[in-house]
Each structure stands twice: as C-alpha cells, then as structure tokens.
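Here is what each chain is made of, one letter per residue.
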Amino acid sequence: MTVGQDPVKVMKQEVGKAAAARVKSGSIVGLGTGSTTAYALEYLGARIQSGELKDIKGIPTSFQASVLAKQYGIPLITLDECDRIDIAIDGADEVDPQKNLIKGGGAAHTREKIVDTLAEEFIVVVDSSKLVDKLGSTFLLPVEVLPMAIAPVMRKIEQLGGKPQLRMGVKKAGPVITDQGNMVIDVKFDAIANPAELEKTLNNIPGVLENGLFVGVTDVVLVGEVKDGKPSVREF
Ligand code: 5RP
C-alpha cells in the first residue's frame, strides 16, 4: 500500500481480485452488487479481455451489475437461458462466524438471493469491517416491500419487536425504489437470536418480497485486510 491510499479501497480491490481469480473458463457466474463486487467484476473483465478466461457468461443481480458487466466486457445471459450457475461473487454488509449474512445495503438483496442461492459455489467478498459476532449489531436489516403494503408491513414488524424505517433516496426526493419497483424498509432488531427463523417469519408477512438475511448459503468468505500497512486476503 502506498502513502495516501485509502485502506478500505485497497482491501476491497484485493478481495475482489482474489474472488475473480477463482473463476474458471466455461463458467456461468453470478455477478453481485456493491462497491466490493465492482472490483471483482473489473478483474473478471480484465481476465476475459486478456484471453486468460474463455466462454464466461454472467448473470447480473442488479441494474448496477449489468452496467458494470457491459463496461468490463462480461457477456450476460438470463436465468431463462441457463440450467446452472457455477459460481457467484457478492458482497455483504455483515458476516457472522457461521458465514450467515445481512445483505441489501444496495437494495438488491431480492435478486441477489435468487442468483447467489442457485450457485454451486457462493463466494462472499468483504473487508474486515463487515465481520460481526452477531447479525444486526452494526447494520439494519433491509426488507423489500410492495409499495401498497408499506403501512401494514411496518406495523407487523413493530409487533415482532423491530423498529422499521423507510429507506430514503440520496440525491433523490422520496423513498429508494428497487430495480423491481418496490421500496425498502430498514429494520433495527435489538438482537437477532435466530436468523433462520427471522428470515422465514419476515418473508411470511404479506407484501414482503424478500429480506436481507442470507442463512446457510455461503460457501466461502474472502476477507480483505490491511496488516502493518500491507493488504492481504484471508479465507474463512
Ligand atoms: C447490495 C448488497 C451489497 O453486496 C452489500 O451492501 C455490500 O456492498 P459494499 O461491497 O459496497 O460494501 O448487499 O444489495
């Protein structure tokens, strides 16, 4: 790392590169969303452009992922055109010691869950700040909701002990609208004792499309770190 470099950016770049290095020729790749995955897509594109990787097809998890894939020359297909996903690379907002995740910081968790859970191998790329002992300790839990159901879903979440807030746009008046035309409620739970149960309970509320708990789906977590001024990547 050189003087003046942003350590978080360096960690994200290194971990993105490490994930892209695991992709093999002939693979169908789930393309995640977020600033860390963006580096993985950049390096994946570079490997394709150099001829080192052949016959790669990407399945994007968001509008952002499609735009980046086109920019970096990663050919895209849809889920209708394939019967498998070999590997998916995606970021996370929190990772617990069991490799369970909170995702949805980019409001893309619904499509991310579809693509990531279909992959033979799901690789999560994070910098070390995302590691937590308990899910929900640093990040609110995102829940994607049909706009007409916002009020009853918020009431139901309050009955479950959560404190919901509608996610508002930045440089956009009004709420964040997802790639599917829905809204996102971010929920503070004092403790998420049983992530698997909460994931199901929330998805069972009429009007909820998907929540950001990813339980038991991660195969590999690659963690970018900076130690003694040197960037490194470790796997757990
Ligand atoms: C988007 C996500 C992202 O993967 C998550 O928010 C991590 O993003 P970043 O790598 O920018 O921190 O779940 O919905």
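What counts, and at which threshold
Residues numbered from 1 in each chain as written. Predicted model: local features only at pLDDT ≥ 70, side-chain atom pairs only at ≥ 80, totals over all residues. Heavy atoms only, no water. Helix = DSSP H or I, 4+ residues; strand = E, 2+ residues; numbered from the N terminus. Rg over C-alpha atoms; globule rule 2.2 N^0.38 Å. Buried < 20%, exposed > 50% of the residue type's maximum accessible area, 1.4 Å probe, protein only. Lys, Arg positive; Asp, Glu negative; His and termini not counted. Charge placed at Lys NZ, Arg CZ, Asp CG, Glu CD. Axes fitted to C-alpha atoms, helices over the stretch in contact; angles between N-to-C directions. Parallel < 35°, antiparallel > 145°, perpendicular 65-115°, else oblique. Left-handed = near helix turned anticlockwise from the far one by under 90°. Contact = heavy atoms within 4.5 Å. Nonpolar A, V, L, I, M, F, W, Y, C, P; charged D, E, K, R; others polar. Polar contact = N/O pair within 3.5 Å; in protein donor to acceptor, adjacent residues only side chain to side chain. Patch = residues over 30% accessible without salt bridge, like charges linked within 9 Å, V, L, I, M, F, W, Y side chains within 5 Å. Areas by Shrake-Rupley, 256 points an atom, 1.4 Å probe, with all protein chains shown as cover. Salt bridge = Lys/Arg side-chain N within 4 Å of Asp/Glu carboxyl O. Near = heavy atom within 4 Å.

Some words on the overall build of the chain
From N to C terminus, the chain includes six helices and 13 strands. Against the compact-globule benchmark of 18 Å for 236 residues, the chain has a radius of gyration of 18 Å, which places it among compact chains. Each of the three principal axes of the chain carries a C-alpha extent, and together these read 55 × 45 × 35 Å. Across the 236 residues of the chain, 50% fall into the buried class. Averaging the coordinates of the 27 positive side-chain charges in the chain and doing the same for the 31 negative ones gives two points 3 Å apart.

Here's the deal with the packing of helix α1 (residues 7-20) against helix α2 (residues 35-49)
Each packed pair of helices is defined by two parameters, the angle between the axes and the distance between the axes. As a packed pair, α1 and α2 sit with axes 7 Å apart at the nearest point and diverge in direction by 45°. In terms of orientation, α1 and α2 fall into the oblique class. Our pair here, α1 against α2, has a crossing hand that is right-handed. Contacts between α1 and α2 involve K9, K12, Q13, V15, G16, K17 and A20 from the first element and S35, T36, Y39, A40, Y43, L44 and R47 from the second. Partitioned by chemical class, the residues of the contact of α1 with α2 number six nonpolar, four polar and four charged.

Brief notes about the side chain of T33
Secondary-structure assignment places T33 in the loop between β1 (28-31) and α2. Within the structure, the side chain of T33 is placed 2.7 Å from the side chain of S62, a separation counted as a polar contact.

Notes on a nonpolar patch on the surface
Residues L79, I114 and L118 make up a contiguous nonpolar surface patch of about 250 Å² in total accessible area. Mapping L79 onto the fold places it in the loop between α3 (63-72) and β3 (85-90). Given the relative accessible area of 35%, L79 is considered partly exposed.

Comments concerning the site of the ligand
Near the ligand, the surroundings consist of 18 residues, among which T33, S35, T36, D93 and K130 are the closest. Here T33 contributes a backbone N or O atom positioned 2.8 Å from an oxygen atom of the ligand. With respect to the ligand, the side chain of T36 contributes an N or O atom lying 2.5 Å from an oxygen atom. Protein contact buries 91% of the 380 Å² of open area that the ligand shows by itself. Looking at the shell around the ligand, the elements that each hand over two or more residues are α2 and α4 (109-118). Looking at the shell around the ligand residue by residue, the classes come out as three nonpolar, nine polar and six charged.

Geometric values such as these leave the question of function open.
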